[in-house]
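Structure at a glance
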Amino acid sequence: MSNICLKQATKAGITLIKNLFIDYYMIPANGEYVKIYLYILRCLGDATLGASLSINTLADIFDCTEKDVMRALRYWEKTGVLSLEFSDGVLSAIQINDLEKNNSDNMQHTKAATRVISSAKLAEFADNTEIKQLLYIAQKYMGKTLNETETNTILYFYDTLGFSADLIEYLLEYCASNNKKSFRYIEKTGISWHEAGIATPSQAKEYVSNFSHTYFSVLKTFGISGRTPAPAEKELIDKWTKQYGFSLDIIIEACSRTISTIHQPSFQYADSILERWNKKNVRHISDLKSIDSAHEKQKQKTAENTKTQIPLKKNSFNNIPQHDYDFNELEKALLKRT
């Protein structure tokens, strides 16, 4: 595989990591993705490392697949931390972007995307006792006075998504209790509830309970404790449950087999297992018996074919011409001589 050109000047012997990356980009990212990004920064300050950088070398260094490396690079490209350049479909260059400018662009995009509530609607809401009470409760949960954008987010839940005041209150309570008071996070959570068809607080509680149990069951199986799943990890778990429709026992089995095979937690490796099972239309844990049985038979068949194809190595013994002897005739000849 061809080497990758790195595009950014840096001082030799120093790896610069901006506080903005630590504060804004690092925390929500998958730990493996962070490692790969930091190593790329390291290569910028070392001409030898930079000259030999490739997807293959990154995969070897971090003991993962080339797909895992590309997944990490795609993640950082999506966040704007870096840009990728391709030549004939092959990654040829990585551009390390200016984080200050990138963050500023994100803020501008967020500002431009802010929902605008018409003056007529605002006047209508101003006379709505339920809305007034809801905004007061929101300020209590957030511990501050809401700005215009945050107020519009609450009104968006109420007017556009059709959330009841009770459901919005539970949404705020849930996020605040998990120390997630960012309205960006609250909005994302609210939209995910809407997409899941949640209309009441009781439905939200059941939804939260089920998915929280799934998330932490996966972490427990991987031997991970003391933290919540990273966004990229949640994305994969949601893929397994929503897109593939797997039950928790099947997901846990894939995670257990991951640990047994590579002896370390890997969401990407578990994902490859579950992707294969999904293609084989696995829907119950019992379906794995036939798959495992077929796999074992194929292994045995391969081993037998390999065994029959092994040629006999010549040595000093079997280089000697071999003859067939009639030992009964030899015995008679010997008796005549006596």
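Residues numbered from 1 in each chain as written. Predicted model: local features only at pLDDT ≥ 70, side-chain atom pairs only at ≥ 80, totals over all residues. Heavy atoms only, no water.

On to the overall build of the protein. Each helix and strand counted, the protein has 17 helices and three strands in total. In the protein, which comprises 338 residues, the proportion classed as buried is 33%. For the protein, contacts bridging at least 24 residues in sequence account for 61% of all contacts bridging at least 6. With the model as given, the accessible surface of the protein reaches about 21500 Å², and the carbon-plus-sulfur share is 52%. (Helix = DSSP H or I, 4+ residues; strand = E, 2+ residues; numbered from the N terminus. Buried < 20%, exposed > 50% of the residue type's maximum accessible area, 1.4 Å probe, protein only. Contact = heavy atoms within 4.5 Å. Areas by Shrake-Rupley, 256 points an atom, 1.4 Å probe, with all protein chains shown as cover.)

Before going further, it helps to examine the confidence of the model for the protein. A residue-level look at the protein finds 81% of positions with pLDDT of 70 or above and a mean pLDDT of 81. Segment residues 316–320 is flagged for pLDDT under 50; beyond a separation of four residues in sequence, or across chains, it makes four contacts in the model. (pLDDT = per-residue confidence, 0-100.)

In total, this model carries eight salt bridges according to the counting rule given. Salt-bridge contacts for lysine 239 lead to aspartate 271; the nearest nitrogen and oxygen are separated by 3.2 Å. Placement of the pair is lysine 239 in helix H13 (residues 231–243) and aspartate 271 in helix H15 (residues 267–279), with a sequence separation of 32 residues. What makes lysine 239 partly exposed here is its relative accessible area of 22%. Look at aspartate 271 and you get buried, because its relative accessible area is 5%. For lysine 279, the salt bridge identified is with glutamate 275, shortest N-O distance 3.9 Å. In this pair, lysine 279 and glutamate 275 are both assigned in helix H15, four residues apart and thus about one turn of the helix distant. Residue class for lysine 279 comes out exposed when judged on its relative accessible area of 68%. Members of the salt-bridge network, linked through shared partners, are Glu253, Arg257 and Asp292. (Salt bridge = Lys/Arg side-chain N within 4 Å of Asp/Glu carboxyl O.)

Turning next to the pairing of strand S2 (residues 82–87). Where S2 meets strand S3 (residues 90–96), six bridges bridge the pair, whose relative direction is antiparallel. Within S3, the position partnered with leucine 84 by the bridge is isoleucine 94. Hairpin connection of S2 to S3: two residues between the antiparallel strands, including aspartate 88 at a positive phi of 55 degrees. (Pairing = 2+ DSSP bridges.)

Within the fold, aspartate 238 resides in helix H13. Residues aspartate 238 and threonine 214, spaced 24 residues apart in sequence, show a C-alpha to C-alpha distance of 9.4 Å.

Looking at soluble globular proteins, one finds that nonpolar side chains tend to be buried together. Core analysis: the largest hydrophobic core is formed by 47 residues, its most contacted members being Trp193, Trp240, Phe267 and Trp277. In contact with phenylalanine 267, other than residues within four places in its own chain, are Val218, Leu219, Phe222, Ile224, Glu233, Leu236, Ile237 and Trp240. Core analysis: the next-biggest nonpolar cluster, separate from the first, contains 30 residues, Ile36, Tyr39, Trp76 and Leu82 among them. (Core = buried A, V, L, I, M, F, W, Y, C linked by side-chain atoms within 4.5 Å.)

Relative placement of two packed helices is described by the angle separating their axes and the distance separating the axes. At a closest axis distance of 9 Å, the pairing of helix H9 (residues 148–159) and helix H10 (residues 165–177) adopts a crossing angle of 135 degrees. On the basis of the axis angle, H9 is oblique to H10. Crossing of H9 over H10 shows right-handed handedness. Residue-level inspection shows Ile154, Phe157 and Tyr158 of H9 in contact with H10, the latter providing Ala165, Ile168, Leu171 and Leu172. Residues that form the contact of H9 with H10 fall into these classes: seven nonpolar, no polar and no charged. (Axes fitted to C-alpha atoms, helices over the stretch in contact; angles between N-to-C directions. Parallel < 35°, antiparallel > 145°, perpendicular 65-115°, else oblique. Left-handed = near helix turned anticlockwise from the far one by under 90°. Nonpolar A, V, L, I, M, F, W, Y, C, P; charged D, E, K, R; others polar.)

Running from N to C, H9 and helix H11 (residues 183–195) point in directions that differ by 10 degrees, and their axes come no closer than 11 Å. With respect to each other, H9 and H11 are oriented roughly parallel. For the pair formed by H9 and H11, the contact residues are Glu150, Thr153, Ile154, Tyr156 and Phe157 on the first element and Phe183, Ile186, Glu187, Gly190 and Ile191 on the second. Of the residues in the contact of H9 with H11, the class split is six nonpolar, two polar and two charged.

Compared with the 18 Å implied by 1.5 Å per residue over 13 residues, the 18 Å span of H10 between its first and last C-alpha is a close match. Among the residues of H10, those classed as buried are Ala165, Leu167, Ile168, Tyr170, Leu171, Leu172, Tyr174, Cys175 and Ala176. Elements in contact with the buried residues of H10: helix H8 (129–142), H9, H11 and helix H12 (201–221). In the stretch just after H10, asparagine 179 is the one whose phi turns positive, near 60 degrees. (Expected span 1.5 Å × (residues − 1).)

Moving on to unusual backbone geometry. Even without being a glycine, aspartate 63 presents a positive backbone phi close to 55 degrees. Topologically, aspartate 63 is positioned in the loop between helix H4 (55–61) and helix H5 (66–79).

It is worth spelling out the side chain of glutamine 268 at this point. Along the chain, the position of glutamine 268 falls in helix H15. Given the relative accessible area of 11%, glutamine 268 is considered buried. Sequence-distant contacts of glutamine 268, defined by excluding residues within four places in its chain, comprise Asn30, Tyr33, Asp68, Arg71 and Leu236.

A separate point is the environment of lysine 205. Among the structural elements, lysine 205 can be located in helix H12. Between the C-alpha atoms of lysine 205 and tyrosine 174, which are 31 residues apart in sequence, the distance is 9.0 Å.

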